[in-house]
Amino acid sequence: MPVGRREQIVDCRSVMGLGEGGGLAQRGTFAEALRNDVVVVAMSPGRRHITKPVCEITYGIREAGIQTSVLVLNAGSGIPHDAPRGALGSTFGIKPEEAEQINRHKLCVVHFGNVISHIVYKAELLLKYVKIPTIIVCQAPVDMEDLAKYGIKTRNVMPLEPKTEGMVVDIVTGVIRGESCPQSKIDEIIRKIKLHLNSN
């Protein structure tokens, strides 16, 4: 797979793509890079949850020379079933094999949406099973304190009663779901990835 002047080998994909030319990865897709440095986790595609910014983010990370896998969650839509208001319709979850695939990497970058309560409940469930350092990319203006209030371990604020194995090490906000990701945001994500990869 030529990306810029570098070449990366990616074992892709576990299921057929959606749309003309199979461009959009379906739920349950895992495209594994040659080296397990970074994994980008996307919500499942659907009317509201579109993987579009994830494709551009992944391409930008690979273009920077970072070995990057991609996982589209099988049940990435909605909120967890044990969230206070419950899930009306689809329910967010993570399979044991998905957690295992993520945990093989050094760093996780996960893309969530624009509802703060959904972001914190999804992050709490994901990080119960994902043990590697995680960067959250989302649209809503979430910060470490918002996450720590729900028992999510963060690099800057540690909750009194942690509920998660994994830890959020950084957050990138202002990435709009279903829209093209501005180059400035891709650059910010790459800077933060390099910072945390080098500190591990």
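Note that the coordinates shown come from a computational prediction; the quantities given were computed from them, not determined experimentally.

Thresholds applied
Residues numbered from 1 in each chain as written. Predicted model: local features only at pLDDT ≥ 70, side-chain atom pairs only at ≥ 80, totals over all residues. Heavy atoms only, no water. Helix = DSSP H or I, 4+ residues; strand = E, 2+ residues; numbered from the N terminus. Contact = heavy atoms within 4.5 Å. Areas by Shrake-Rupley, 256 points an atom, 1.4 Å probe, with all protein chains shown as cover. Axes fitted to C-alpha atoms, helices over the stretch in contact; angles between N-to-C directions. Parallel < 35°, antiparallel > 145°, perpendicular 65-115°, else oblique. Left-handed = near helix turned anticlockwise from the far one by under 90°. Nonpolar A, V, L, I, M, F, W, Y, C, P; charged D, E, K, R; others polar. 1 Å grid on protein atoms, 1.4 Å probe; cavity = no way out; pocket = protein on both sides within 12 Å on 5 of 7 lines; lining within 4 Å. Points joined across faces, edges and corners; volume = space filled by probe spheres on them. Core = buried A, V, L, I, M, F, W, Y, C linked by side-chain atoms within 4.5 Å. Buried < 20%, exposed > 50% of the residue type's maximum accessible area, 1.4 Å probe, protein only. Expected span 1.5 Å × (residues − 1). Polar contact = N/O pair within 3.5 Å; in protein donor to acceptor, adjacent residues only side chain to side chain. Phe/Tyr/Trp six-rings, centres within 6.5 Å; stacked < 30°, edge-to-face > 60°. Pairing = 2+ DSSP bridges. Right-handed = clockwise from strand over helix to strand, strands pointing away.

1. Let's talk about the overall build of the protein
At step 1: A tally of helices and strands in the protein yields five helices and ten strands.
At step 2: Expressed as a percentage of contacts within the protein between residues at least 6 apart in sequence, the contacts between residues at least 24 apart total 68%.
At step 3: For the protein, the accessible surface area stands at approximately 9,800 Å², while carbon and sulfur atoms represent 50% of it.

2. Remarks on the packing of helix H1 (residues 52–63) against helix H5 (residues 183–199)
Between two packed helices, the angle of one axis relative to the other and the distance separating the axes together describe the packing.
At step 1: As a packed pair, H1 and H5 sit with axes 10 Å apart at the nearest point and diverge in direction by 55°. Considered as vectors, H1 and H5 are oriented oblique to each other. In the crossing of H1 with H5, the sense of the turn from one axis to the other is right-handed. Between H1 and H5, the contacting residues are Glu-56, Ile-57, Gly-60 and Ile-61 on the first element and Ile-186, Ile-189, Ile-190 and Ile-193 on the second.
At step 2: For the contact of H1 with H5, a count of residues per class yields six nonpolar, one polar and one charged.

3. A few points about empty space enclosed by the protein
At step 1: Taken as a whole, this structure holds one cavity of 30 Å³ or more when the rule is applied.
At step 2: Lining the largest cavity we find Val-40, Val-41, Val-54, Ile-57, Val-109, Val-110, His-111 and Val-137.
At step 3: Per-element accounting of the lining of the largest cavity gives the leading share, three residues, to strand E7 (residues 107–111).
At step 4: Partitioned by chemical class, the residues of the lining of the largest cavity number seven nonpolar, one polar and no charged.

4. Topic: the nonpolar core
At step 1: Counting residues in hydrophobic clusters, the biggest one holds 31 residues, and the most contacted among them are Val-39, Ile-102, Phe-112, Ile-136, Leu-147 and Val-168.
At step 2: Among the elements of the structure, strand E5 (38–42), helix H2 (96–103), E7, helix H3 (116–129), helix H4 (144–148) and strand E10 (167–172) are those that each provide at least two residues to this core.
At step 3: When residues in this core are grouped by element, the largest group, seven residues, is from H3.
At step 4: If near-sequence neighbours (up to four positions away) are discounted, Val-39 is found in contact with Phe-30, Ser-69, Leu-71, Ile-102, His-105, Leu-107, Cys-108, Val-109 and Ile-132.

5. Digging into H1
At step 1: The first and last C-alpha atoms of H1 sit 17 Å apart over twelve residues, in line with the 16 Å expected at 1.5 Å per residue.
At step 2: All buried positions along H1 are accounted for by Pro-53, Val-54, Ile-57, Thr-58, Gly-60, Ile-61 and Arg-62.
At step 3: Gly-65 lies just past H1 and shows a positive phi near 85°.

6. Digging into the environment of Pro-141
At step 1: With respect to the secondary-structure elements, Pro-141 resides in the loop between strand E8 (134–137) and H4.
At step 2: For the pair formed by Pro-141 and Val-115, sequence separation is 26 residues and the distance between their alpha carbons is 9.5 Å.
At step 3: Beyond its immediate chain neighbours, meaning those up to four positions away, Pro-141 contacts Asp-146 and Thr-173.

7. Some details on the side chain of Gln-67
At step 1: Tracing the backbone through its elements, the reader meets Gln-67 in the loop between H1 and strand E6 (68–72).
At step 2: Judged by its relative accessible area of 8%, Gln-67 falls in the buried class.
At step 3: Of note is the side chain of Gln-67, whose polar atom sits 3.5 Å from the backbone nitrogen of Arg-35.

8. Some remarks on the packing of aromatic side chains
At step 1: If you walk through the whole model with that rule in mind, you get one aromatic pair.
At step 2: Here the aromatic rings of Tyr-121 and Tyr-150 are separated by 5.3 Å at their centres, their planes lie at 85°, and the arrangement is edge-to-face. You can see Tyr-121 sitting in helix H3 and its partner Tyr-150 sitting in the loop between H4 and strand E9 (153–154), a full 29 residues away along the chain.
At step 3: Owing to a relative accessible area of 30%, Tyr-150 belongs among the partly exposed residues under this scheme.

9. A short note on the pairing of E8
At step 1: Both faces of E8 are covered, namely the face carrying Thr-134 and Ile-136 and the face carrying Ile-135 and Val-137.
At step 2: Relative to E8, E7 runs parallel, the two being bridged by four bridges. By the bridge assignment, Cys-108 is partnered in E8 with Thr-134.
At step 3: After leaving E7, the chain enters H3 and then returns to the sheet as E8, a path that is right-handed.

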